[in-house]
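# Remarks on the overall topology
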Amino acid sequence: MSVAIVSGSAGLIGSETSKKFHAENFDVVGIDNDMRARFFGADASTSGTRALLQVSLENYRHEDLDIRDVDRVDALFGRLGTAVKVVVHTAAQPSHDWAARDPFTDFQVNALGTLNLLESARRHCPEAVFIFTSTNKVYGDTPNHLPLIELEKCYEIESPHPYYAGIDETMSIDQTKHSLFGASKAAAD
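Residues numbered from 1 in each chain as written. Predicted model: local features only at pLDDT ≥ 70, side-chain atom pairs only at ≥ 80, totals over all residues. Heavy atoms only, no water.

### Things to note about the sheet that holds strand 4 (residues 84-89)
If you trace the five strands from one edge of the open sheet to the other, you get 3-2-1-4-5, paired in parallel fashion. Each edge of the sheet is formed by a strand with only one pairing partner; in this case those strands are strand 3 (60-63) and strand 5 (129-132). For this sheet, the mean angle separating the axes of adjacent strands, direction not counted, is 15°. Pairing between strand 1 (residues 3-7) and strand 2 (residues 27-31): five bridges, direction parallel. Residue pairing in the sheet places V6 in a bridge with G30 of strand 2. Contacts from helix 1 (residues 12-23) reach strand 1, strand 2, strand 3 and strand 4 within the one sheet, and its direction differs from that of strand 1 by about 175°. Strand contacts of helix 6 (residues 103-124): strand 1, strand 2, strand 4 and strand 5, with the helix running at about 170° to strand 5, the strand carrying the most contacts. (Pairing = 2+ DSSP bridges. Helix = DSSP H or I, 4+ residues; strand = E, 2+ residues; numbered from the N terminus. Axes fitted to C-alpha atoms, helices over the stretch in contact; angles between N-to-C directions. Contact = heavy atoms within 4.5 Å.)

Below, the structure is given as structure tokens:
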């Protein structure tokens, strides 16, 4: 059976991704070490979600693994090898405030952790699709200058604008103000 590796598997996006690939008959290997509890306290722990995935998804296997640990990440990818068909990287340190308090941890999780996953995938499953969930914060304050129009329930860009369908890689990340969090995520990108 094909393997899907999902980092941040017990978080909101990661858990839904795990369910999606499990429903498509993948063996899902979830990587999550519940750093949310460290970042935001016990009430933010993802342990309940992890337990639910382990009970409800027959072909889900959990790895309590820190993506900053290059040796353990590489060993996992080495064991799974070319059976890995997709890697979905959703793990992150997601807080601007936390990044300002501990920029080393922020950068190590967001940039170094991403590099560890990418390099292990390149070495052990080079044909696997690698999907990285990033953030609009990589664009710094550039989106603040878009010509938004206020609708009844949201803001939108007018249809003739190049970004009407969505912001893609053509939006520059240069010459813009970045938070520490945005800088670590841009480095990962």
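Now that the structure is up, let's keep going.
### Quick notes on the nonpolar core
Formed by 17 residues in total, the largest nonpolar core has its most connected members in I5, I31, F77, L80 and V84. Put simply, the parts of the chain that give this core at least two residues each are strand 1, strand 2, helix 4 (70-80), strand 4 and helix 6. With four residues, helix 4 is the single largest residue contributor to this core. When near neighbours in sequence (up to four residues on either side) are disregarded, V84 contacts V3, I5, C125 and A128. Core analysis: the next-biggest nonpolar cluster, separate from the first, contains ten residues, A4, F21, L57 and V86 among them. (Core = buried A, V, L, I, M, F, W, Y, C linked by side-chain atoms within 4.5 Å. Buried < 20%, exposed > 50% of the residue type's maximum accessible area, 1.4 Å probe, protein only.)

### Describing the pattern of salt bridges
Taken as a whole and assessed by the stated rule, the structure comprises seven salt bridges. In this structure, R68 engages D66 in a salt bridge whose closest nitrogen and oxygen atoms are separated by 2.6 Å. Where E119 meets R122, a salt bridge forms, and the shortest distance between an N and an O atom there is 2.6 Å. You can see E119 and its partner R122 sitting in helix 6, three residues apart, about one turn around the helix. We classify E119 as partly exposed; its relative accessible area is 30%. (Salt bridge = Lys/Arg side-chain N within 4 Å of Asp/Glu carboxyl O.)

### Remarks on the packing of aromatic side chains
Within the structure shown, the criterion is met by two aromatic pairs. Note on F21 and F26: the rings are 5.1 Å apart at their centroids and 90° apart in plane angle, and the pair reads as edge-to-face. Judged by its relative accessible area of 15%, F26 is buried. On the basis of an interplanar angle of 70° and a centroid distance of 6.0 Å, the ring pair of F39 and F40 is categorised as edge-to-face. (Phe/Tyr/Trp six-rings, centres within 6.5 Å; stacked < 30°, edge-to-face > 60°.)

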